[in-house]
Amino acid sequence: MSPFSLDGRRALVTGANTGIGQAIAVSLATQGARVTCAGRRNCDETLALIAAAGGHADFLALDFADPLAGQGVFAGAGYSILVNNAGIIRRAESLDFTEADWDAVMDVNLKAVFFTTQAFAKAAIAEGNTPAAVVNIASLLSFQGGIRVPSYTAAKHGVAGITKILANEWAAKGVNVNAIAPGYIATNNTEALRADEARNAAILERIPAGRWGAPEDIGGTAAFLCSPAARYIHGAVLNVDGGWLAR
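Please read all numbers here as calculations on a predicted model, not as lab measurements.

A. Broad picture of the overall build of the protein. Counting its regular elements, the protein contains seven helices and seven strands. The order of α-helices and β-strands along the protein, N terminus first, is β-α-β-α-β-β-α-β-α-β-α-α-α-β. For the protein, whose C-alpha radius of gyration is 17 Å, the value lies close to the compact-globule estimate of 18 Å for 247 residues. With respect to the three principal axes, the spread of C-alpha positions in the protein is 50 × 35 × 35 Å. Here the protein, with 247 residues, has 48% of them falling under the buried criterion.

B. Local environment of the packing of aromatic side chains. For the structure on display, the rule yields six aromatic pairs. A centroid spacing of 5.6 Å and a plane angle of 85° characterise the contact between Tyr184 and Trp212, whose relative ring orientation is edge-to-face. Within this pair, whereas Tyr184 is found in the loop between strand S6 (175-182) and helix H5 (191-195), its partner Trp212 is found in the loop between helix H6 (197-206) and helix H7 (215-226), the two being separated by 28 residues in sequence. Among the aromatic residues, ring-to-ring pairing joins Phe74, Tyr79 and Phe120 into one connected group. Across the ring face of Trp212, the terminal group of Arg194 is positioned such that the distance to the ring centre comes to 5.8 Å.

C. Molecular detail of the environment of Ala57. You can see Ala57 is positioned in strand S3 (residues 56-61). Put simply, Ala57 and Ala11 are 46 residues apart on the chain and 9.2 Å apart in space, counted from C-alpha to C-alpha. Discounting residues that sit within four places of it in the chain, Ala57 has contacts with Arg34, Val35, Leu47 and Ile50.

D. Structural context of the packing of helix H1 (residues 19-30) against H7. The interhelical angle for the contact between H1 and H7, taken along N-to-C directions, is 45°, at an axis separation of 8 Å. By the angle between their directions, the pair H1 and H7 is classed as oblique. Relative to H7, H1 is oriented so that their crossing is right-handed. Along the contact surface, H1 presents Gly19, Ile20, Ala23, Ile24, Ser27 and Leu28, while H7 presents Pro215, Glu216, Ile218, Gly219, Gly220, Ala222, Ala223 and Cys226. Its residues assigned to classes, the contact of H1 with H7 shows nine nonpolar, four polar and one charged.

E. How the structure looks around unusual backbone geometry. With an omega dihedral of 5°, the bond running from Thr130 to Pro131 counts as a cis peptide bond. Backbone geometry at Arg148 places phi at a positive 65°, although glycine is not the residue there. If you trace the backbone, Arg148 turns up in the loop between strand S5 (132-137) and helix H4 (150-170). With relative accessibility at 37%, the residue Arg148 sits in the partly exposed group.

F. Quick look at the environment of Ala92. Inspection of the secondary structure assignment puts Ala92 in the loop between strand S4 (81-84) and helix H3 (99-127). Relative accessible area serves as the criterion here: at 16%, Ala92 is assigned to the buried category. In this structure, the C-alpha to C-alpha distance between Ala92 and Ser151, residues 59 residues apart in sequence, is 9.9 Å. Here Ala92 is in contact with Phe97, Arg148, Val149 and Pro150, once residues within four sequence places are set aside.

G. Molecular detail of the pattern of salt bridges. In total, this model carries five salt bridges according to the counting rule given. Residues Arg148 and Glu93 are paired through a salt bridge, measuring 3.5 Å at the closest nitrogen-oxygen approach. Here Arg148 is found in the loop between S5 and H4, whereas its partner Glu93 is found in the loop between S4 and H3, with 55 residues between them in sequence. A salt bridge links Asp217 to Arg211, with the nearest nitrogen and oxygen atoms 3.1 Å apart. Of the residues examined, Asp217 reaches a relative accessible area of 27% and is grouped as partly exposed. The exposure class of Arg211 is partly exposed, given its relative accessible area of 44%. One network of salt bridges, with partners in common, ties together Arg10, Arg34 and Asp58.

H. Broad picture of H1. With 12 residues, H1 ought to run about 16 Å at 1.5 Å a step, and its terminal C-alpha atoms sit 17 Å apart, in line with that. Burial of H1 is extensive: 10 of the 12 residues sit out of reach of the surface. Within the sequence span of H1, burial applies to Gly19, Ile20, Gly21, Gln22, Ala23, Ile24, Ala25, Ser27, Leu28 and Ala29. Following H1 by one or two positions, Gly32 has its phi on the positive side, about 110°.

The rules behind each value
Residues numbered from 1 in each chain as written. Predicted model: local features only at pLDDT ≥ 70, side-chain atom pairs only at ≥ 80, totals over all residues. Heavy atoms only, no water. Helix = DSSP H or I, 4+ residues; strand = E, 2+ residues; numbered from the N terminus. Rg over C-alpha atoms; globule rule 2.2 N^0.38 Å. Buried < 20%, exposed > 50% of the residue type's maximum accessible area, 1.4 Å probe, protein only. Phe/Tyr/Trp six-rings, centres within 6.5 Å; stacked < 30°, edge-to-face > 60°. Lys NZ or Arg CZ within 6 Å of the ring centre and 35° of its normal. Contact = heavy atoms within 4.5 Å. Axes fitted to C-alpha atoms, helices over the stretch in contact; angles between N-to-C directions. Parallel < 35°, antiparallel > 145°, perpendicular 65-115°, else oblique. Left-handed = near helix turned anticlockwise from the far one by under 90°. Nonpolar A, V, L, I, M, F, W, Y, C, P; charged D, E, K, R; others polar. Salt bridge = Lys/Arg side-chain N within 4 Å of Asp/Glu carboxyl O. Expected span 1.5 Å × (residues − 1).

What follows is the structure, encoded as structure tokens:
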């Protein structure tokens, strides 16, 4: 069997309805995993793409505004792959940022990531669904400060941190925990930036690769990190940014 194959594995991808999450779900499925697309919105388009590619997938409604929404999902279900992609963002000057916006982002982007991953690992280890793999979606703001997104920046720094501590604790138990830090990716969320001629030019000028990333760039990386080929990679936060942070 290819070291990149995911045949026989069951995966759950959060926020798989569009963009990066959708590309990850499709990539895992095309490598042979059966994928559960989880989120608060329907994933009909993603399911159709996977079916068209000859893969297998289903949908699970989960709203991570409740950070413990994933607690009852994994026991007895046979999952050996988890991708924590779901996230939200709130923008305001730090002088004006509200507690409600802080809590909303931290709940979805950090607290839910930890407790969903905890529930996944408890089941995988107890039931022998190992080797298992967790991929967290971090951000360039796991390394940089950004502006006007204080809770998002704090949460994504936190994602990098919990990726490392969980790798430390679970590597010897057969669970790989890693993260991907996407750069500027062409999705619905970045449409306004790409439409702004001056901002788009400034972004492209800094990216050594000379282009925006595609969601598939993240999807392929996630599939690799979940595969046997990445078995000795633990606690990495892998920049997939066209060289942005190297500039």
